[in-house]
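Letter by letter, the chains look like this.
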Amino acid sequence: MLSSQDKTWLKMWQQNSPEIREKAVIWRKQNAFTRLEKPSRIQKARSLGYKAKQGIVVIRARVGTGGMRRKRPVAGRRQKHLGVTRIKADVSMKQVAENRTAQKYKNLKLLGSYFLYKDGFHYWFEVILADPSHPRISKDKELRKRVIPA
């Protein structure tokens, strides 16, 4: 069930509202990974395990769109259907954003991520990470179960 905040965000995105487009203009100029003070969609972040406490990090990740291409065959006969374009990846853009963020921030554990915006060139996701070695996280029973393996 979507909360009212999530419905508002999705409605703004579907109607391509000027507020989100202005934010996207700013996001395009920023780095691919931008650390945020607080999440844009607070309800969605809380449902994924976000808490406003030390040791929790929110990152806005930008992923480029576009399909995959395979190399053209160089030897042998030319097939009628080369199989060069229209190749789809096995992982979603969300998983790509999560994996890239996890690679960049190796000391943090992934709690979850959610969709923010997409245009013709990029997808933006907010990824929520937790520091398992931080005392505030290790003392929190809920987060300890999710972040620190037993």
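The rules we used
- Residues numbered from 1 in each chain as written.
- Predicted model: local features only at pLDDT ≥ 70, side-chain atom pairs only at ≥ 80, totals over all residues.
- Heavy atoms only, no water.
- Helix = DSSP H or I, 4+ residues; strand = E, 2+ residues; numbered from the N terminus.
- Rg over C-alpha atoms; globule rule 2.2 N^0.38 Å.
- Buried < 20%, exposed > 50% of the residue type's maximum accessible area, 1.4 Å probe, protein only.
- Lys, Arg positive; Asp, Glu negative; His and termini not counted.
- Salt bridge = Lys/Arg side-chain N within 4 Å of Asp/Glu carboxyl O.
- Polar contact = N/O pair within 3.5 Å; in protein donor to acceptor, adjacent residues only side chain to side chain.
- Contact = heavy atoms within 4.5 Å.
- Phe/Tyr/Trp six-rings, centres within 6.5 Å; stacked < 30°, edge-to-face > 60°.
- pLDDT = per-residue confidence, 0-100.
- Pairing = 2+ DSSP bridges.

**Things to note about the overall build of the protein**
Reasoning step 1: For the protein, the count of helices and strands is 6 helices and 4 strands.
Reasoning step 2: Listed N to C, the secondary structure of the protein is α-α-β-α-β-α-β-β-α-α in terms of helices and strands.
Reasoning step 3: Rg of the C-alpha trace for the protein: 19 Å, well past the compact-globule value of 15 Å for 150 residues, more than 25% over.
Reasoning step 4: Projected onto its principal axes, the C-alpha positions of the protein cover 65 × 40 × 30 Å.
Reasoning step 5: Each of the 150 residues in the protein was classed as buried or not, and the buried ones make up 36%.

**A few points about the side chain of Glu126**
Reasoning step 1: By secondary structure assignment, the location of Glu126 is in strand β4 (residues 122–130).
Reasoning step 2: Here Glu126 is buried and forms no salt bridge, its nearest opposite-charge partner Arg60 lying at an N-O distance of 4.6 Å.
Reasoning step 3: Engagement of the side chain of Glu126 in a polar contact is seen with the side chain of Ser40, the distance being 2.6 Å.
Reasoning step 4: There is a polar contact of 2.2 Å between the side chain of Glu126 and the side chain of Tyr114.
Reasoning step 5: In this structure, Glu126 is in contact with Leu36, Pro39, Ser40, Arg41, Val58, Ile59, Arg60, Gly112, Ser113, Tyr114 and Leu116, ignoring residues within four places of it in sequence.

**Here's the deal with the packing of aromatic side chains**
Reasoning step 1: As enumerated under the stated definition, the model contains 4 aromatic pairs in all.
Reasoning step 2: Ring geometry for Phe115 against Phe125: centres 6.0 Å apart, planes inclined by 75°, an arrangement best described as edge-to-face. With Phe115 in strand β3 (residues 109–118) and Phe125 in strand β4, the pair connects residues that are 10 residues apart, well separated along the chain.
Reasoning step 3: An angle of 35° between the planes, with centres 6.0 Å apart, marks the rings of Tyr117 and Trp124 as tilted.
Reasoning step 4: The buried category is assigned to Tyr117, whose relative accessible area is 7%.
Reasoning step 5: In textbook terms, an aromatic cluster arises when at least three aromatic residues are bridged by ring pairs, as seen for Trp27, Tyr117 and Trp124.

**Notes on the confidence of the model for the protein**
Atomic detail in the predicted coordinates should be set aside for any region of low pLDDT.
Reasoning step 1: Of all residues in the protein, 99% have pLDDT values of 70 or greater, and the mean over the chain is 89.
Reasoning step 2: Averaged pLDDT values over the elements of the protein bottom out at 80 in helix α1 (residues 4–14) and peak at 96 in strand β1 (residues 33–36).

**A closer look at the pairing of β3**
Reasoning step 1: Alignment of β3 against β4, held across 8 bridges, turns out to be antiparallel. Each bridged residue has a counterpart across the sheet, and for Phe115 the counterpart in β4 is Phe125.
Reasoning step 2: Hairpin connection of β3 to β4: 3 residues between the antiparallel strands.

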